[in-house]
Every structure is written in structure tokens, then in C-alpha cells.
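Analysis of the macromolecular model
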Protein chains: 2
Amino acid sequence: MVVDQLSDAGVDRLFHALADATRRDIVRRTVDGEHSVSGLARHYPISLTAVQKHVAVLEDAGLVVKHRHGREQRVVGNHDALRRAQQLLDELDRLWHGRLDRMGTLLDEDSRGGTT
Amino acid sequence: MVVDQLSDAGVDRLFHALADATRRDIVRRTVDGEHSVSGLARHYPISLTAVQKHVAVLEDAGLVVKHRHGREQRVVGNHDALRRAQQLLDELDRLWHGRLDRMGTLLDEDSRGGTT
DNA sequence: GTAACCTACAACCCCATGGTTGTAGATCAG
DNA sequence: CTGATCTACAACCATGGGGTTGTAGGTTAC
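Cut-offs used in this document
- Residues numbered from 1 in each chain as written.
- Chains lettered and ligands numbered in written order.
- Predicted model: local features only at pLDDT ≥ 70, side-chain atom pairs only at ≥ 80, totals over all residues.
- Heavy atoms only, no water.
- Helix = DSSP H or I, 4+ residues; strand = E, 2+ residues; numbered from the N terminus.
- Buried < 20%, exposed > 50% of the residue type's maximum accessible area, 1.4 Å probe, protein only.
- Contact = heavy atoms within 4.5 Å.
- Areas by Shrake-Rupley, 256 points an atom, 1.4 Å probe, with all protein chains shown as cover.
- Near = heavy atom within 4 Å.
- Polar contact = N/O pair within 3.5 Å; in protein donor to acceptor, adjacent residues only side chain to side chain.
- Nonpolar A, V, L, I, M, F, W, Y, C, P; charged D, E, K, R; others polar.
- Buried area = accessible area lost by both parts, 1.4 Å probe.
- Salt bridge = Lys/Arg side-chain N within 4 Å of Asp/Glu carboxyl O.
- Least-squares fit on C-alpha atoms with pLDDT ≥ 70 in both.
- Phe/Tyr/Trp six-rings, centres within 6.5 Å; stacked < 30°, edge-to-face > 60°.

Side note on the overall build of chain A
Summing up its helical and strand segments, chain A has 5 helices and 3 strands in all. Secondary structure of chain A in N-to-C order comes out as α-α-β-α-α-β-β-α. Taking all 116 residues of chain A together, the buried fraction comes to 39%. In chain A, the share of contacts with a sequence separation of at least 24, taken over all contacts with a separation of at least 6, comes to 54%. Summed over all atoms, the accessible surface of chain A reaches about 6900 Å², with 48% contributed by carbon and sulfur.

Observations concerning the protein's contact with DNA strand C
In the vicinity of DNA strand C there are 22 residues, among which Ser47, Lys53 and His54 of chain A together with Ser38 and Gln73 of chain B approach most closely. The sugar-phosphate share of atoms of DNA strand C within 4 Å of the protein amounts to 63%. Between DNA strand C and threonine 49 of chain A, the relevant distance is 3.2 Å, taken from a base oxygen to a side-chain nitrogen or oxygen of the residue. In the environment of DNA strand C, a phosphate oxygen lies 2.5 Å from a nitrogen or oxygen atom belonging to the backbone of serine 38 of chain B. Breaking the surface near DNA strand C down by element, the ones donating at least two residues are helix H4 (48-61) of chain A together with helix H3 (37-41), helix H4 (48-61) and strand S3 (72-77) of chain B.

Side note on the protein's contact with DNA strand D
Around DNA strand D sit 23 residues in total, of which Ser38, Leu48 and Gln73 of chain A together with Lys53 and His54 of chain B are the nearest. Taken together, the sugar and phosphate atoms account for 62% of what DNA strand D places within 4 Å of the protein. Serine 38 of chain A has a polar backbone atom sitting 2.5 Å from a phosphate oxygen of DNA strand D. Secondary structure elements with two or more residues in the surface near DNA strand D: helix H3 (37-41), H4 and strand S3 (72-77) of chain A together with H4 of chain B. Of the residues that constitute the surface near DNA strand D, the class distribution is 5 nonpolar, 10 polar and 8 charged.

Some remarks on the interface of chain A and chain B
It is common to report an interface's size as the accessible area lost on association of the parts. Contacts between the two partners involve 35 residues from chain A, matched on the other side by 35 residues from chain B. Buried area between chain A and chain B, both sides added, is near 3300 Å², and the carbon and sulfur share of it is 62%. The largest contributions to the chain A side of the interface with chain B come from Arg24, Val31 and Trp96 of chain A, which together make up 22% of the buried area. For arginine 24 of chain A, the salt bridge identified is with aspartate 12 of chain B, shortest N-O distance 2.6 Å. On the surface where chain A and chain B come into contact, there are 8 residue pairs in polar contact (both at pLDDT 80 or more). Contributions of two or more residues to the side of chain A that touches chain B are made by helix H1 (9-18), helix H2 (21-31), S3 and helix H5 (79-108) of chain A. A per-element tally of the side of chain A that touches chain B places H5 of chain A first, with 13 residues. Tallied by class, residues from the side of chain A that touches chain B come to 15 nonpolar, 9 polar and 11 charged.

With respect to the pattern of salt bridges
Residues and elements named next belong to chain A. In the structure shown here, the tally under the stated rule is 14 salt bridges over all chains. With its nearest N and O atoms 3.9 Å apart, the salt bridge here joins glutamate 59 to lysine 66. Its relative accessible area of 30% is what places lysine 66 among the partly exposed residues. One salt-bridge network, held together by shared partners, links Asp25, Arg28 and Arg29.

Details of the relation of the copies chain A and chain B
In summary, the two copies of the chain are related to each other by a rotation about an axis coupled with a shift along it. Between the two copies, chain A and chain B, the superposition gives an RMSD of 0.0 Å; the rotation angle is 180° and the shift along the axis is 0.0 Å. As the rotation angle and translation indicate, the two copies are arranged about a two-fold axis. Interface overlap between copies is the fraction of interface residues in one copy that are interface residues in the other; for chain A against chain B it reaches 97%, indicating a shared surface.

Points about the packing of aromatic side chains
All told, the structure shown has 1 aromatic pair over all chains when counted by the stated rule. Each ring, one from phenylalanine 15 of chain A and one from phenylalanine 15 of chain B, has its centre 6.2 Å from the other, and the planes form 20°; the classification is stacked. Taken together, the residues span two chains, with phenylalanine 15 of chain A in helix H1 and phenylalanine 15 of chain B in helix H1 (residues 9-18).

Focus on the side chain of arginine 74 of chain B
Locating arginine 74 of chain B in the fold gives a position in strand S3. Setting aside its immediate chain neighbours within four residues, arginine 74 of chain B contacts Glu34, His35, Ser36, Val65, Lys66, His67 and His69 of chain B.

In C-alpha cells, the structure reads:
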């Protein structure tokens, strides 16, 4: 489970969930503690249903967890998903460093070819 | 000016660009060096036009840079955009740590018979 | 020159997304 | 019980995203 996580379908969901300002804001809020869905909805100029859908997208991506508390549905951020996203970017980042290293090696020894 | 970058529109483009396996693969390839658009297209079972659009999305997000080289359009990854994405995730990550710190403080005060 | 190649762009399809409204089931407060 | 809240879900609409084909303009090779 090391290398090829970049082509996972869950990664699509993860980054797609982050690709919306409202959803990022919900994450920011739920990182800070539990919030009901309707409580969250009061902060945005969109309908409650729209917020419900955003929360569903976040939950599907694993960025958020819901659990019932009486008649409310409490939403709270999930740190693991964020760390997963960070790891994926780090994986790409490592490729860059590898490239830089290879460029240095080329300048140094001038012997090897690339792979395809 | 460091804090509120989470609600920028460019961030939408950045994460949206990363929310597609083909585009992440293009980034992975172009991190490793320059590739022509048609050269990239040969690796995927989709049309050249589709790849052109993916590259355009990546370019719009800043993850990739194009420049002409003869009749070819060379595509190469842009490290800065990736670092920007990493910084945004780190920003969220910091919120989590802040929360954990506060929870620790609460527990601490509670064990001392705090008055909240 | 002609042919082959690389790219750009317009037009079109299909469907997922983000938004809405409306209805209905639980749950809490009185 | 009654009313107010919170949530869920279905139906619908408009827009954009990912894909295609087709046409056209440059650039290299012959």
C-alpha cells in the first residue's frame, strides 16, 4: 500500500470534496468541534438541503463523521482523511525531489537513462 | 494574509485539478520532466482533445506550465502549486492541533476542579 | 512543393454537481 | 397532545465537466 495510491478512486472523492469553498469552510468549522447540520447551515446563504449535500460529500470523502445526538446530527471533522490528503501530496512532492536528485546526479556523473 | 487562503477561488481550481486520476498521473509524469501533449496522450485510452483539456485544467490551476518547443507544446510540472496545496492542508492541520491543545487544556483544568 | 505530425478550437452528448422546493418522519419543549 | 425543530429524501432545474468528432493552422521532414 505504498506507491500507487494516486490512482485510487477515493482520492478523487477526497480532493473533490476539498475543491469547494463552502465545504472547506465546513471542514474548518467541524475541526473546531461538533456542529449540527442546521447549525452549520445558518452560516451560509444556501438552503439546508444544500448544506446537507455538502456534508454528505465530505462524509463520503471521509473528511467528516456524522453521529446522532438526540434529534440533531452532529458533524465533526476527521483528522485521518486530512492526513491522507497530505500524504498524497507528499508522494508527489517526493517525485520532485527525486527529479532534482537525478538532475544533480546527471550533472555529477552523466551516466544513467530514465525509465518509462 | 496567511490565514484566509482557504476561501480563495484559485484553491477550488487547485483541488479540482487534483481530483482526477488522469490529471494526477499527468502531474506525476510531468514532474519527471517535459512531455509533449501528444506524448502524454499516448499513455491514456482517451482522445488527444481530452488530454488537451486535462492539461488546460492543470495549467489553469498552476500545477503545470506549457511552453512551445518547435511544433510541440511541452508540459512540465510546477512545484510551487503543489507546495501551495500542501500549505493549505497544513493550514487545516494546524486547526486540528489547536483543537487538541484546547482539549488538553480543558482536561487539565477539569482535573484541577476548573470553574467552566 | 507535399505529406505527416502536433496542436487548437468549435460543436455536440451525456451525466454528475450544486442548487432549489416540497413533503414527511423523528424528536424536543410547552 | 401541539407546535417547533432537525433531518431525510424525492423531484426538478441549470450549469459545468469529461468525453467525443470534425475542422483548421502551424511546423517539421522529404
